[in-house]
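Observations on chain architecture
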Amino acid sequence: MQSTNSAASPDSGQSGGFRLRFLGANATVTGSRHLVEAGDRRILVDCGLFQGYKPLRLRNWAPFPVDPASIDAVVLTHAHLDHSGYLPRLVRSGFTGRIWCTHATASLCGIMLPDSGRLLEEEAGYANRKGTSKHHPALPLYTEVDANSSLRQLKGVAFDQAFEPAPGVMATLRRQGHILGAAAATLEYQGTRITFSGDLGRPHDPVMLAPVPPADSDWIVTESTYGDRAHPAGSLKEELRDVLRRVLARGGVVVIPAFAVGRAQLLLHVIAQLQAAGDIPSAPMFLNSPMATGVTALYRQYRDLHRLDDAALDTLQRATQVVTSVEQSKALNRRKGPMIIVSASGMATGGRVLHHLIAFAPDPRNAIVLCGFQAGGTRGASIAAGARAVRIYGQDVAINAEVVQLSAASAHADSDEILDWLRVAPRPPRGVFVTHGEPDAADALRVRIERELGWSAHVPEYLECADLLRGAGSQPEAPASSASSQASRTAPVPSS
Ligand SMILES: [Zn+2]
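Anyway, here's the lowdown on the structure attached to this text. (Residues numbered from 1 in each chain as written. Predicted model: local features only at pLDDT ≥ 70, side-chain atom pairs only at ≥ 80, totals over all residues. Heavy atoms only, no water.)

**A closer look at the overall build of the protein chain**
Broken down by element type, the protein chain carries 15 helices and 22 strands. Computed over the C-alpha atoms, the radius of gyration of the protein chain is 22 Å, within 12% of the 23 Å expected from 2.2 N^0.38 for a compact globule of 496 residues. Viewed in the frame of its principal axes, the protein chain has a C-alpha envelope of about 70 × 50 × 40 Å. Across the protein chain, the fraction of contacts at a sequence separation of at least 24, relative to all contacts at a separation of at least 6, is 75%. (Helix = DSSP H or I, 4+ residues; strand = E, 2+ residues; numbered from the N terminus. Rg over C-alpha atoms; globule rule 2.2 N^0.38 Å. Contact = heavy atoms within 4.5 Å.)

As structure tokens, this is what we get:
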């Protein structure tokens, strides 16, 4: 499957037609931004921050590829910052439309975006005080005030309820597991439908419900974070029990970088259960996040979106000491083990966990427990790969602590689970765009989709453009081993 490649100037697109421009999450798992152009309307599906390698991070600072004022609406699949974290900047740059998402995603954004602004300000302030930035003064990408003003444009909708983000374009959001409120987004224009997987959760996650099958679609844009991997069968409880027993028994500190929303609650839940059963030595457990209390309250508010009952939430809360202020956060670094600290960000790209790494990573008695995907170019990826030191705020921090990567803590479907989700689509789509994966993962998934489902699949590049109306009727491009005659008749996006 090829697509009309117009990487030159995204802002020079003609009006009319139904097109998709890839403005992020290409060859990376961060910066999800997909621009749908329907006639003369523009809808942005997800509006994420780039993280990881420097050329990617610099895209956060570059002008947005199209004028934000020309975008009619944003549709969000979920609240994670690599899907929502650019919103305050988009609004500050002139976007005035609505931001459509599920109610739970709106609630989470209400907590996460101001927190993101606050952290960006804290980091810029720290860099200025310590003189560790090349920029004088170092400025935050956006502030807490910017984030709060962007929230006024949020518009919550129910799962499966049709809405019209722009005249002539209908949309629905369907449950994807992953985190509270996470959805796949389907957009329809002139009878052609495209579904964006967002981040696909796991069918048997201990906390989140299983994703529902994709909507009937002409095109599917799927994530591919683990497109080249199968999650091992082991249980998270056993993995955590082993490392916590070992490290707490020797008086060590266990530092767990974790997304404050989603993975943190899963870890706290499992650790609280281990403590309650006496399976691990008793030790205080801290959740260092200003968002923690608000997020736990959302688990109680949206109880139909996850598997934790009141008793499990009570156990979790009793076992966890929540740290909110900067002073308390600093005091933790002077404390001795044994203890457990869960703190964001999950890939150690920023946030308070950096200060805990400075304090605890040099001591071999301690442990760093990584629990999610570590994108290339992040400190988390370096630590996972066995780096002896990582650079934090201009200093080299020795990594002498034991490093453990949990394999059963992922919030993302693995390769088999993504294929299982695609397979239950009501009909084969005309084509699948494989995004939100590093190059090997995206390409491995593309190959499996072509070989095992017999569907046309393509890994788009940054700023590539695909024509969604002209697909039907042009020359078919038969997949290597087409299992479906319908799929081989269906047309890939023609090249121009
Ligand atoms: Zn996510």
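So much for the structure itself; the text now carries on.
**A closer look at the pattern of salt bridges**
As a working rule, side chains carrying opposite charge can pair if their charged atoms are close by. Tallying each qualifying case throughout the model produces 28 salt bridges. For Asp218, the salt bridge is made with Arg427, and the minimal N-O distance between the two is 3.4 Å. One end of the pair, Asp218, is in the loop between strand 10 (192-196) and strand 11 (219-222); the other, Arg427, is in the loop between helix 13 (415-423) and strand 20 (431-434), with 209 residues separating them in the sequence. Assessed through its relative accessible area of 28%, Arg427 is described here as partly exposed. We note a salt bridge from Glu450 to Arg446, for which the minimum N-O separation is 3.1 Å. Of this pair, Glu450 and Arg446 both sit in helix 14 (residues 439-453), four residues apart, which is roughly one turn of the helix. Where salt bridges share partners, they join Arg19, Arg21, Glu37 and Arg42 into one cluster. (Salt bridge = Lys/Arg side-chain N within 4 Å of Asp/Glu carboxyl O. Buried < 20%, exposed > 50% of the residue type's maximum accessible area, 1.4 Å probe, protein only.)

**Side note on the packing of aromatic side chains**
For the structure on display, the rule yields seven aromatic pairs. Ring geometry for Tyr226 and Phe373: centres 5.4 Å apart, planes at 90°, overall edge-to-face. One end of the pair, Tyr226, is in the loop between strand 11 and helix 6 (236-249); the other, Phe373, is in the loop between strand 16 (367-370) and helix 12 (379-384), with 147 residues separating them in the sequence. Pair check on accessibility: Tyr226 and Phe373 agree, each one buried. Aromatic rings pair up to connect Phe22, Trp219 and Phe433 into one cluster. The aromatic ring of Tyr86 is capped on one face by Arg33, whose charged end is 4.2 Å from the ring centroid. Looking at Arg59, its charged tip hangs above the ring of Tyr462, at a distance of 3.5 Å from the centre. (Phe/Tyr/Trp six-rings, centres within 6.5 Å; stacked < 30°, edge-to-face > 60°. Lys NZ or Arg CZ within 6 Å of the ring centre and 35° of its normal.)

**Remarks on the coordination of the zinc ion**
Surrounding the zinc ion are the protein donor atoms His78 (NE2), His80 (ND1), His178 (NE2) and Asp199 (OD), which sit 2.2 to 2.3 Å from the metal. Geometry at the zinc ion is irregular, judged from its four donor atoms and the angles of 90 to 164° they form at the metal. We note that the donor set of the zinc ion lies within a single chain, spaced as H-x1-H-x97-H-x20-D. Of this pair, His78 sits in the loop between strand 4 (73-75) and helix 2 (81-84) while His178 sits in the loop between strand 8 (169-175) and strand 9 (183-189), placing them 100 residues apart in sequence. (Donors = N, O, S within 2.8 Å, 3.2 Å for Na, K, Ca; no water. Tetrahedral: all angles 85-135°; square planar, octahedral: opposite > 155°, others 65-115°.)

**Some thoughts on the sheet that holds strand 7 (residues 163-166)**
With mixed pairing, seven strands are arranged side by side in an open sheet as 7-8-9-10-11-20-21. Unpaired on one side and paired on the other, strand 7 and strand 21 (457-458) mark the two borders of the sheet. When strand 8 meets strand 9, the two strands line up antiparallel, connected through seven bridges. Paired with Arg174 across the strands is Ala184, a residue of strand 9. Of the strands in this sheet, strand 11, strand 20 and strand 21 are in contact with helix 14, which crosses strand 20 at around 165°. (Pairing = 2+ DSSP bridges. Axes fitted to C-alpha atoms, helices over the stretch in contact; angles between N-to-C directions.)

**Describing the pairing of strand 8**
Relative to strand 8, strand 7 runs antiparallel, the two sharing two bridges. Bridge pairing in strand 8 links Phe163 to Ala171.

**Things to note about the side chain of His306**
When you line up the elements, His306 lands in the loop between helix 8 (292-301) and helix 9 (310-319). Since its relative accessible area comes to 6%, His306 is described here as buried. One polar contact links the side chain of His306 to the main-chain amide nitrogen of Leu308, over a distance of 3.0 Å. Sequence-distant contacts of His306, that is, excluding residues within four places in its chain, are made with Leu180, Val207, Met208, Leu209, Tyr299 and Leu313. (Polar contact = N/O pair within 3.5 Å; in protein donor to acceptor, adjacent residues only side chain to side chain.)

**Some remarks on a nonpolar patch on the surface**
There is a patch of nonpolar side chains on the surface, built from Leu58, Trp61 and Leu139 and spanning about 340 Å² of accessible area. For Trp61, the position within the fold is in the loop between helix 1 (54-59) and strand 4. (Patch = residues over 30% accessible without salt bridge, like charges linked within 9 Å, V, L, I, M, F, W, Y side chains within 5 Å. Areas by Shrake-Rupley, 256 points an atom, 1.4 Å probe, with all protein chains shown as cover.)

**Focus on helix 13**
Taken together, the buried positions of helix 13 are Ser415, Glu417, Ile418, Leu419, Trp421 and Leu422. Elements that come into contact with the buried residues of helix 13 comprise strand 9, strand 10, strand 11 and helix 14.

**Some remarks on the packing of helix 13 against helix 14**
Interaxial distance between helix 13 and helix 14 falls to 11 Å at its minimum, and their mutual angle equals 45°. The pairing of helix 13 with helix 14 is recorded here as oblique in orientation. Between helix 13 and helix 14 lies a crossing whose hand is right-handed. For the pair formed by helix 13 and helix 14, the contact residues are Ser415, Asp416, Ile418, Leu419, Leu422 and Arg423 on the first element and Leu445, Arg448, Ile449, Glu452 and Leu453 on the second. Split into classes, the residues belonging to the contact of helix 13 with helix 14 amount to six nonpolar, one polar and four charged. (Parallel < 35°, antiparallel > 145°, perpendicular 65-115°, else oblique. Left-handed = near helix turned anticlockwise from the far one by under 90°. Nonpolar A, V, L, I, M, F, W, Y, C, P; charged D, E, K, R; others polar.)

Remember, this is a structural readout, not a statement about activity or role.
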